[in-house]
Amino acid sequence: MTITVDLGARSYDVAIGDGVRRGLKDLIAKRAPKAQVAVIVTSPSLRAQPWFDFETGISQHVLEVPEGEDAKTLQTVEALLEKIASLGLSRNDILIAVGGGAVTDLGGFAAASYLRGIGLINISTSVAGQVDAAIGGKTGVNLSAGKNLVGAFHQPLGVFCDFETIATLPERERLAGMGEVAKCWLLEGRSAKDLGSQTSSELATMAVALKARIVSGDEREGGERALLNYGHTFGHALEVLSLAKSKDELRHGEAVAIGLSFAAHLAHALGRVGAEVIANHNAVLDFFGLSYAAPRDFSVEALLEAMSHDKKAHHDLTFVLLGANGFEVVTGIDPDVVAKTIESFRG
Ligand SMILES: NC(=O)c1ccc[n+]([C@@H]2O[C@H](COP(=O)([O-])OP(=O)(O)OC[C@H]3O[C@@H](n4cnc5c(N)ncnc54)[C@H](O)[C@@H]3O)[C@@H](O)[C@H]2O)c1
Ligand SMILES: [Zn+2]
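This part is about the overall build of the chain. On a plain count of helices and strands, the chain comes out with 13 helices and eleven strands. Over its C-alpha trace the chain gives a radius of gyration of 20 Å, about what one expects of a compact globule, namely 20 Å for 347 residues. Taken along its principal axes, the extent of the C-alpha atoms in the chain is 60 × 45 × 35 Å. Counting across all 347 residues of the chain, residues that qualify as buried make up 54%.

Before going further, it helps to spend a moment on the layout of surface pockets. In this structure, the second largest pocket occupies an estimated 180 Å³ of space. Taken together, 13 residues form the lining of the second largest pocket, with Thr 2, Asp 13, Leu 27, Lys 30 and Phe 160 sitting closest to its centre. Contributing elements (two or more residues each) for the lining of the second largest pocket: strand 2 (12–17), helix 1 (24–31) and strand 9 (158–162). Among the residues forming the lining of the second largest pocket, the class breakdown is six nonpolar, three polar and four charged.

Inspection of the region around ligand 1 gives 24 residues, with Glu 69, Thr 125, Ser 126, Thr 165 and Thr 168 positioned closest. Here Glu 69 contributes a side-chain N or O atom positioned 2.5 Å from an oxygen atom of ligand 1. In the model, a nitrogen atom of ligand 1 is placed 2.8 Å from a nitrogen or oxygen of the Thr 165 main chain. Considering ligand 1 on its own, with 860 Å² of exposed area, one finds that the protein chains cover 83% of that surface. When residues of the shell around ligand 1 are traced back to their parent elements, those giving at least two are helix 4 (101–113), helix 5 (127–133) and strand 8 (146–153).

It is worth spelling out the packing of aromatic side chains at this point. We describe a pair of aromatic rings using the distance from one ring centre to the other and the angle between the two ring planes. Under the defined criterion, the tally for this structure stands at eight aromatic pairs. Considering the side-chain rings of Phe 234 and Phe 345, the 6.0 Å spacing of their centres and the 85 degrees angle between planes classify their relative orientation as edge-to-face. Taken as a pair, Phe 234 in helix 9 (residues 232–245) and Phe 345 in helix 13 (residues 335–346) lie far apart in primary sequence, 111 residues in all. A relative accessible area of 1% means that Phe 234 is categorised as buried. Here Phe 345 falls in the buried class, since its relative accessible area comes to 12%. An aromatic cluster of three or more residues is present, and its members are Phe 234, Phe 262, Phe 319 and Phe 345.

A cluster of nonpolar side chains, namely Leu 74, Leu 143 and Leu 149, defines an oily patch on the protein surface of about 230 Å² accessible area. Among the secondary structure elements, Leu 74 is positioned in helix 3 (residues 74–86).

Attention now moves to empty space enclosed by the protein. With the rule as written, the count across this model stands at one cavity of 30 Å³ or more. If you go around the largest cavity, the residues you meet are Thr 104, Asp 105, Leu 120, Asn 122, Ala 133, Ala 134, Gly 137, Lys 138, Thr 139, His 154 and Pro 156. For the lining of the largest cavity, the secondary structure elements donating two or more residues are helix 4, strand 6 (119–124) and strand 7 (138–143). A breakdown of the residues in the lining of the largest cavity according to their chemical character gives four nonpolar, five polar and two charged.

Thresholds applied
Residues numbered from 1 in each chain as written. Chains lettered and ligands numbered in written order. Predicted model: local features only at pLDDT ≥ 70, side-chain atom pairs only at ≥ 80, totals over all residues. Heavy atoms only, no water. Helix = DSSP H or I, 4+ residues; strand = E, 2+ residues; numbered from the N terminus. Rg over C-alpha atoms; globule rule 2.2 N^0.38 Å. Buried < 20%, exposed > 50% of the residue type's maximum accessible area, 1.4 Å probe, protein only. 1 Å grid on protein atoms, 1.4 Å probe; cavity = no way out; pocket = protein on both sides within 12 Å on 5 of 7 lines; lining within 4 Å. Points joined across faces, edges and corners; volume = space filled by probe spheres on them. Nonpolar A, V, L, I, M, F, W, Y, C, P; charged D, E, K, R; others polar. Near = heavy atom within 4 Å. Polar contact = N/O pair within 3.5 Å; in protein donor to acceptor, adjacent residues only side chain to side chain. Areas by Shrake-Rupley, 256 points an atom, 1.4 Å probe, with all protein chains shown as cover. Phe/Tyr/Trp six-rings, centres within 6.5 Å; stacked < 30°, edge-to-face > 60°. Patch = residues over 30% accessible without salt bridge, like charges linked within 9 Å, V, L, I, M, F, W, Y side chains within 5 Å. Salt bridge = Lys/Arg side-chain N within 4 Å of Asp/Glu carboxyl O.

Here it is, written out as structure tokens:
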């Protein structure tokens, strides 16, 4: 199955399914016919996986970056760019990022920066990456002041979402990725009742199709793309606060799952939706096996503070909420209503 991200001259295909990574050589021949060298950027643990068997049809080098989120730094980018430069890559050559969102964000940023931009192909190996991070052209790294504060828009030449790579993904990562899939199901206005008939491949395709459609209409997040932040205002606040406590406390997708249920509660508290919307959100999360019990460790004040510092909130309480007009970005929400909703939500 192929889904196209439609961006005029920068359009590209997302290939989804078992074994799709084997189409890499053909994609390079089609989208980067002048490329003579490919660097494959990945982490050591991913390089050791049985599915790491890439054939580019041109001269290829594997460059390793350190594992996980900690590697998403300017220092890692610099070291990577030095290696790329030492291999003498030209503007016609390409970078292939193989990994979860951390590697595709980092590799994508290196591709966006080297010689002011070389071709990028994402081979996404996590659920969160396949349905979200690898698609849409956002690349970047973290600063000590916060996540994803430095980056560039750089659309790939193609994306591979190969389900065979998911076989080795740790269960907790798989489940956390389902937080984004649940978000997409809810954004599509679908009922929990219809989930039973869906295969995991159909669900992934639904999520990729939604992201592709939204990015095609709003590449740089001037409008509709912001809807993809559904569940992320409260979720991101929980993630930031829990990260400050311990690294292993809460995955992004787990925090988003809680944020989705919270967004339904808040929409209800604001009189925008009926109680059945809360019930449907919770039933969707139940289906995926995602918890929506908010941790009680953080004060309401700390949560409000974290939410109003959200870089997308422009120092104001901003949520994506459902209402009579469907999903929309709602700004300037009364902090008292949010505070009361946090209290009742946590029970
Ligand atoms: N660019 C975007 O639009 C966008 C969107 C959402 C998230 N992100 C970014 O994506 C990152 C999160 O992505 P993630 O959840 O994929 O995390 P991740 O890349 O850190 O991967 C999670 C863990 O799973 C391991 N892993 C990945 N694939 C594997 C596989 N097939 N087999 C075994 N282990 C595997 C990784 O090595 C890592 O330890 C964050 O940095 C986030 O900021 C970017
Ligand atoms: Zn997210």
